[in-house]
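Next come the chains, spelled out residue by residue.
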Amino acid sequence: FAEALDLWERIADSPAATERERIDALVEASERAELAARFRDGERVARRGLALTGGQPDAAASARAQLRLLRALGTCAYRLGRPNDAEPSLIRARELAVMLRDRMWEGKLTGNLAGLQYETGRMEDAERGYERAMEIETRTVDLHISQLRKKLKTVGDRILTVKNAGYRLVAD
């Protein structure tokens, strides 16, 4: 992962790279740093990427990049023992997930925030957060099945809902 981090940073520094490519490279670098447990590097790279996005997303692509950078920044701050620095980044990332209507990220970030609240002794907030995360995750499956049915068009109706069990696919 460390080599991948360095490679993505070199791409971001390339004079031939567009601003969008630089942001994408810094998103990748911040996530690679996190995976390599190089949290200070991850924090540095995420801040650099956020500076390029300008703080205000102007399109869905930059909002999604900003969400991933904020999540990486929050996670790295938390891993470095600074939960008070992590929380604002994770809250802003969750707000972007809601704005983008991205239920998967919203559920993950709600769960991450609940874990952070638990670690800092805010048990009631953590309990509400975990309940909300589970509610989001449950509806996420339903949303994915609904989208899958639409994409499959004529054969989408072969995915049946089985009450109290889930879903099943009916053969021809």
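The rules we used
Residues numbered from 1 in each chain as written. Predicted model: local features only at pLDDT ≥ 70, side-chain atom pairs only at ≥ 80, totals over all residues. Heavy atoms only, no water. Phe/Tyr/Trp six-rings, centres within 6.5 Å; stacked < 30°, edge-to-face > 60°. Lys NZ or Arg CZ within 6 Å of the ring centre and 35° of its normal. Core = buried A, V, L, I, M, F, W, Y, C linked by side-chain atoms within 4.5 Å. Buried < 20%, exposed > 50% of the residue type's maximum accessible area, 1.4 Å probe, protein only. Helix = DSSP H or I, 4+ residues; strand = E, 2+ residues; numbered from the N terminus. Contact = heavy atoms within 4.5 Å. Salt bridge = Lys/Arg side-chain N within 4 Å of Asp/Glu carboxyl O. Pairing = 2+ DSSP bridges. Expected span 1.5 Å × (residues − 1). Polar contact = N/O pair within 3.5 Å; in protein donor to acceptor, adjacent residues only side chain to side chain.

Enquirer: I would appreciate a short explanation of the packing of aromatic side chains in the present structure.
Expert: Applying the stated criterion across every chain, the model contains 0 aromatic pairs. The lysine or arginine in question, K108, covers the ring of W105, its NZ or CZ lying 5.4 Å from the ring centre.

Enquirer: Teacher, can you tell me more about the nonpolar core here?
Expert: As a rule of thumb, nonpolar side chains are buried together in soluble globular proteins. Of all hydrophobic cores here, the largest spans 21 residues; its most connected members are L67 and L109. Breaking this core down by element, the ones donating at least two residues are α2 (19-35), α3 (39-53), α4 (60-79), α5 (83-99) and α6 (103-119). By residue number, the principal contributor to this core is α4, which donates 7 residues. With near-sequence residues (within four places) excluded, L109 lies in contact with L67, R71, L90, A93, R94 and A97. In terms of nonpolar packing, the next biggest core, distinct from the first, is built from 7 residues, L5, A12, L26 and V45 among them.

Enquirer: Sorry, what's going on with the pattern of salt bridges here?
Expert: Where charged atoms from two side chains of opposite charge approach closely, those side chains can pair. If you walk through the whole model with that rule in mind, you get 22 salt bridges. For E9, the salt bridge identified is with R44, shortest N-O distance 2.7 Å. Residue E9 is located in helix α1 (residues 2-13), and its partner R44 is located in helix α3; the two are separated by 35 residues in the primary sequence. For R44, a relative accessible area of 38% translates into the label partly exposed. Residues R44 and D41 are paired through a salt bridge, measuring 3.5 Å at the closest nitrogen-oxygen approach. In this pair, R44 and D41 are both assigned in helix α3, 3 residues apart and thus about one turn of the helix distant. Through salt bridges that share partners, E9, D13, R38, D41, R44 and R48 make up one connected network.

Enquirer: I keep staring at the environment of R92 and nothing clicks. Help me out?
Expert: With respect to the helices and strands, the residue R92 is situated in helix α5. Given a relative accessible area of 27%, R92 falls into the partly exposed group. Residues R92 and L70 lie 22 residues apart in sequence; the distance between their C-alpha atoms is 7.2 Å.

Enquirer: Quick question: what am I supposed to make of the pairing of strand β1 (residues 159-162) here?
Expert: Successive residues of a regular strand alternate their side chains across the two faces of the sheet. Note: β1 against strand β2 (residues 166-169), 4 bridges, orientation antiparallel. Bridge pairing in β2 places T161 opposite Y167. Counted along the chain from β1 to the antiparallel partner β2, the turn is 3 residues long, and its residue N164 has a positive phi close to 65 degrees.

Enquirer: Can you help me understand α6 in this one?
Expert: At 3.6 residues per turn, the α-helix brings residues three or four places apart onto the same side. Taking 1.5 Å per residue as the helical rise, α6 with its 17 residues ought to reach 24 Å, and the 24 Å between its terminal C-alpha atoms agrees with that figure. Three or more residues of α6 are buried, namely R103, W105, E106, G107, L109, T110, L113, A114, G115, L116 and Q117. For α6, the N-terminal capping position is held by D102, with its side-chain oxygen 3.3 Å away from the main-chain nitrogen of M104. Of the residues flanking the end of α6, it is G121, one or two places downstream, whose phi is positive at about 85 degrees.

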